[in-house]
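Examining the three-dimensional arrangement
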Amino acid sequence: MELGLSPPHLSSSPEDLYLAPGTPPGTPPPPDVPLSGEVKRSQPLPIPTGRKPLREEELRSTSLPSIPNPFPELCSPPSQTPILGGPSCARGLLPRDTSCPHVIKVYSEDGACRSVEVAAGATARYVCDMLVQRSHSLSDENWGLVECHPHLALERGLEDHESVVEVQAAWPIGGDSRFVFRKNFAKYELFKSTPHSLFPEKMVSSCLDTHMGISHEDLIQNFLNAGSFPEIQGFLQLRGSGRKLWKRFFCFLRRSGLYYSTKGTSKDPRHLQYVADVNESNVYVVTQGRKLYGMPTDFGFCIKPHRGGRWKTTSAPKADMRPASFLSSQPNKLRNGHKGLRVFCSEDEQSRTCWLAAFRLFKYGVQLYKNYQQAQCRHLRPPCVGSPPLRSVSDNTLVAMDFSGHAGRVIENPREALSAALEEAQAWRKKTNHRLSLPTPSSGTSLSAAIHRTQPWFHGRISREESQRLIRQQGLVDGLFLVRESQRNPQGFVLSLCHMQKVKHYLILPSEEEGRLYFSMDEGQTRFTDLLQLVEFHQLNRGILPCLLRHCCTRVAL
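These remarks concern the structure in this document. (Residues numbered from 1 in each chain as written. Predicted model: local features only at pLDDT ≥ 70, side-chain atom pairs only at ≥ 80, totals over all residues. Heavy atoms only, no water.)

1. A short note on the pairing of strand S8 (residues 257–261)
Counting buried residues along S8, five of its five residues qualify, which places the element largely inside the surrounding structure. Across five bridges, strand S7 (residues 246–254) lies against S8 in antiparallel orientation. What sits directly across from Phe 250, in S8, is Ser 261. The antiparallel hairpin formed by S7 and S8 contains two residues in its connecting segment. As defined by bridge partners, S8 adjoins strand S9 (residues 272–276) across four bridges and the pair is classed as antiparallel. Within S9, the residue paired with Leu 258 across the bridge is Ala 276. (Buried < 20%, exposed > 50% of the residue type's maximum accessible area, 1.4 Å probe, protein only. Helix = DSSP H or I, 4+ residues; strand = E, 2+ residues; numbered from the N terminus. Pairing = 2+ DSSP bridges.)

2. Re the packing of aromatic side chains
Under the criterion given, the structure shown has 16 aromatic pairs. Judged by centre distance (4.6 Å) and plane angle (45 degrees), the ring pair of Trp 171 and Phe 179 falls under tilted. Residue classification places Phe 179 among the buried residues on the basis of a relative accessible area of 0%. Among the aromatic side chains, those forming a connected cluster through ring pairs are Tyr 188, Phe 191, Tyr 369 and Tyr 372. (Phe/Tyr/Trp six-rings, centres within 6.5 Å; stacked < 30°, edge-to-face > 60°.)

3. Things to note about unusual backbone geometry
Phi is positive for Ala 153, close to 55 degrees, though the residue is something other than glycine. Relative to the helices and strands, Ala 153 resides in the loop between strand S3 (143–149) and strand S4 (154–157). On the basis of relative accessible area, Ala 153 is assigned to the buried category, the value being 3%. Within the chain, Glu 523 stands out as a residue other than glycine whose phi angle is a positive 60 degrees. Within the secondary structure layout, Glu 523 lies in the loop between strand S20 (516–520) and helix H13 (531–540).

4. Section: the sheet that holds strand S18 (residues 493–499)
If you trace the five strands from one edge of the open sheet to the other, you get S20-S19-S18-S17-S21, paired in mixed fashion. Every interior strand has two partners, whereas the edge strands, S20 and strand S21 (551–552), have only one. Two strands pair when backbone bridges link them, and strand S17 (residues 480–485) and S21 are joined in this way by two bridges, in the parallel orientation. Within the sheet, the bridge partner assigned to Leu 480 lies in S21 and is His 551. In the packing of helix H12 (residues 464–473) onto the sheet, the strands contacted are S17, S18 and strand S19 (502–513), and the crossing angle to S17 comes to about 155 degrees. (Contact = heavy atoms within 4.5 Å. Axes fitted to C-alpha atoms, helices over the stretch in contact; angles between N-to-C directions.)

So this is what it looks like as structure tokens:
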């Protein structure tokens, strides 16, 4: 950028520029010299001498301290400036640089926030692995990011392959949408063998047509096979134009989308109303359906199209007059909502889980199963974000050995080696905890009475409703549990356990015998020296519980 400045001796009239050297200023120019307005570009122009004062001026300016340019982008070439130049400058938009890092904020369940710098294509699994390493947590497949919209009471667990930057780009600017880092034990439960079927036979069309049951594995294979046409059907309550106007319809979920019948359970195309496209929508769980949407039950979910750009807000919710004319987009109580929301209400938790699982399988298909396989591989070989740690020569020469028989043998199977390591660690931990939990005459029962406070499954003094909310958020799978202090009995504790998608509570009462403190859930028939011993016993034995303790409901502070 050239500045229009000149030395003081050059600020004369245009005629002075064409005088001969030594001619005083003010002398009229010779007749053969044209004026400035008559100069032709092909004629040479005499350049006045006298650059010595200019050099002195430059030396004088360089002796002064340099002042940084506050607007370097204005002095940059047009091709390098982030504001000017390029095709986006004509539209007044900033060019999008996919190579520059992005900053996302992730919240934990206790409200703490951490900012993470990621690349434009960072996936949810990569962010989870980074947060697991920074919080020094145990890496497993159950960690995940949850997309939360508190103003709409909507939550959705991100799939491992989804881009967090693209998801965040669709949020409204200045809203309260956020990412929450927590465990989700139900994420890949549909690929595991469960004691109860995830898809009830009455909701699977193929089971009703053949009048015979179909195995869970075959049903999942039908969902993953693009050439098959499975169908989920059942009754759902759909909200009309009024807040309290809910009507029961028979709905169908297919690969082409979600429909409801206007005439009973008829599947005639004349009676089917189109609701939403599976491939162009996301499904969310409604957390406060009765309060914000006036739902008749607590088992609501919502479908929102995601191809329309950002979450747009509107000052007055209006009914959506698309093919499904009965549906309205959002409740009247919400002052700020999103156009295009489809709110549904199921009869129970099992039916809602069936609808949500079928929606994920229809949308992601084989990609969902690939995520599950990659998660299993990472569980066997946990990833390390960044450079792997250096290993010594002695560590590289170590192998897994089995000394349970008469002679030792080398364990070559990685799964068997990992299982043996876990069993050895569990046995060592039991011995250590048993030694620490035994009451001694010197320490009394203070150590055994407080050792549970250091465990991740202990949540202190929380309410019954709070414990149910935590378990529900981390997935209603069998064996998910936590231990809390009892609100009714000051000296007692409560074991909250999930079984068959329902949370049950078991009271733990202390008892003292011969100066020793014990804990029991069956009126003293089975006694334990501390809560840690009680939990570890029921991780291996059912006892009076309906299932084993498999997963502990934990909260991690970022």
